[in-house]
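Analysis of the macromolecular model
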Amino acid sequence: MKARLSDARQYETVDLPFYKAEIAPFLPRRVLDFHTHIWSSRNWQKVPWQSGAKGGKYMVVAEKYSPEALLADGHRCFPDRPYHAVCFGYPVPVVDWRKDAAFVASAGRAHDTLFPLVLAGTGLKLTRDEYEAALDTQGFYGFKVFLPWYGDNYGNTRVEDMVGRTEMRLANERGLVVLLHVPRSGRLADPVVQRGVRRLADACPDASVVLAHAGRCYLPAEMKKAIGSVRNLRNVSMDLSMVMDPVVVQMALDAIGPGRLLYATDFPVAAMRGRRVRVMDHWVDVMLPGYPASSYRVGGQVRATFMAWEIALAIRWAAELAGVSRKDVHGIFWDNGMRLLKRVRRS
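Every value quoted in this text rests on a predicted model; they were computed, and no experiment measured them. (Residues numbered from 1 in each chain as written. Predicted model: local features only at pLDDT ≥ 70, side-chain atom pairs only at ≥ 80, totals over all residues. Heavy atoms only, no water.)

**Some points on the pairing of strand β7 (residues 142-145)**
Across three bridges, strand β6 (residues 118-120) lies against β7 in parallel orientation. By the bridge assignment, L119 is partnered in β7 with K144. Taken together, β6, helix α4 (residues 128-138) and β7 form a β-α-β motif whose crossover is right-handed. Looking at chain direction, β7 and strand β8 (residues 177-180) are connected through three bridges and run parallel. Residue pairing in the sheet places G142 in a bridge with V177 of β8. (Pairing = 2+ DSSP bridges. Helix = DSSP H or I, 4+ residues; strand = E, 2+ residues; numbered from the N terminus. Right-handed = clockwise from strand over helix to strand, strands pointing away.)

Take a look at the structure:
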């Protein structure tokens, strides 16, 4: 068995040559990552994977991921281009909302390349006044919808159970970004979820609804059932965080066009080396050794590089198959997301 390369050696001899040959040539001169996290366990009530809660070990990560760590990962993955990111906190029941909001807002003030979102949703039981105070004083560009569950414990939650009238009215009045991780095990392919997304889009015509992880459709079978439901919802976009199957991206390109797709990573997750693959009717993350044990994560001696680049490659190959222009591909990595951020009416 070959000795495992050190991280620095892997980066210099494997990652960077691959980036220069396969990734850099099709990127625009700047990159906007529309889905990233920052957090500190100081802003949590407990550590999810130590809580014993069902689904708590779905995604095991470090207990701190600072704005500086995010920007360092962005620079590492895009070393020759300015990196910008939409960022938000840890959107599950362990979070202390006020501490998390202050933490994310401070990142936006300290770094002009970060665009912060505040957690929002019915599960937080916040008033309009509380949301308005955060929006008016802390520089947020919109909402990251709170997930009232842990991990993959999706249950029968509906979109309407996650986003209420208070959040929808504010989003519509201010043209906010509403980044939604859809519920239920069927993802956007579930008709109940599809109706909920349509209601949200119709109720907030002046907001920018963004479906995280392309509606959680990582596999072609899911996207085939899902994409038609948003074809005519012009204020609904999809971020492509953790979507690494070119067929999935091609389906989205064919149905809604490149203008409603956004490059995104889900950092720190996509800073790991590996790839999300289809196995039967589910996905599995195949990783280099050394990452914490987690649901649907398999480690092994494979040749691999950053997941952030695998997402970019899926866009590249899908765009080539769909006949998408270079300008439109560049839009996925920058212009499309900036257009949504510029629509926000900030105080």
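**Comments concerning the nonpolar core**
Residues F34, V197, L211, V230, M238 and Y263 are the most contacted members of the largest nonpolar core, which totals 129 residues. Among the elements that line this core, the one with the most residues is helix α11 (residues 307-322), at 10 residues. Sequence-distant contacts of F34, that is, excluding residues within four places in its chain, are made with V86, V177, L179, V210, L262, Y263, A264, G337, L340 and L341. (Core = buried A, V, L, I, M, F, W, Y, C linked by side-chain atoms within 4.5 Å. Buried < 20%, exposed > 50% of the residue type's maximum accessible area, 1.4 Å probe, protein only. Contact = heavy atoms within 4.5 Å.)

**Description of the pattern of salt bridges**
A side chain with one charge may pair with a side chain of the opposite charge, provided their charged atoms come close. Tallying each qualifying case throughout the model produces 17 salt bridges. Put simply, D136 and R174 hold a salt bridge, and the shortest N to O gap is 2.9 Å. Note that D136 is positioned in helix α4 and R174 in helix α6 (residues 165-174), a separation of 38 residues in sequence. On the basis of relative accessible area, D136 is assigned to the partly exposed category, the value being 36%. With relative accessibility at 14%, the residue R174 sits in the buried group. One network of salt bridges, in which partners are shared, links R128, E132, D136, E173 and R174. (Salt bridge = Lys/Arg side-chain N within 4 Å of Asp/Glu carboxyl O.)

**Quick notes on the packing of aromatic side chains**
For the structure on display, the rule yields 17 aromatic pairs. Taken together, a centroid distance of 6.3 Å and an interplanar angle of 55 degrees make the contact between Y11 and F306 tilted. Of the two residues, Y11 is situated in helix α1 (residues 7-23) and F306 in the loop between β14 (297-299) and α11; the sequence distance between them amounts to 295 residues. With respect to class, Y11 is no different from F306; both count as buried. Put simply, the rings of F26, F78, Y83, Y263, F267 and F333 touch in pairs and so form one group of aromatic residues. Positioned over the ring face of W283 is R276, at 3.5 Å from the centre of the ring. (Phe/Tyr/Trp six-rings, centres within 6.5 Å; stacked < 30°, edge-to-face > 60°. Lys NZ or Arg CZ within 6 Å of the ring centre and 35° of its normal.)

**Here we look at helix α12 (residues 326-342)**
Residues separated by three or four positions in an α-helix point in the same direction, a consequence of the helix having 3.6 residues per turn. Relative to the 24 Å expected for 17 residues at 1.5 Å per residue, α12 spans 23 Å between its end C-alpha atoms, a close match to the ideal helical length. The sharpest bend along α12 comes to roughly 65 degrees, located at I332. For α12, every residue scored as buried is listed here: V329, H330, G331, I332, F333, W334, N336, G337, M338, L340 and L341. (Expected span 1.5 Å × (residues − 1). Bend = angle between axes of the 7 residues up to and from the residue.)

**Focus: the sheet that holds strand β12 (residues 274-279)**
Through backbone hydrogen bonds, the strands of a sheet pair up, either in parallel or in antiparallel fashion. Reading across from one edge, β12-β13-β14 is the order of the three strands in this open sheet, with mixed pairing throughout. One side of each edge strand has no neighbouring strand; the edge strands of this open sheet are β12 and β14. Each neighbouring strand pair of the sheet contributes to a mean axis angle of 30 degrees, computed without reference to strand direction. Where β12 and strand β13 (residues 282-287) come together, six bridges link them in antiparallel fashion. Paired with R275 across the strands is V286, a residue of β13. Its contacts with the sheet put α11 on β12 and β13, and the angle it makes with β12 is roughly 55 degrees. (Axes fitted to C-alpha atoms, helices over the stretch in contact; angles between N-to-C directions.)

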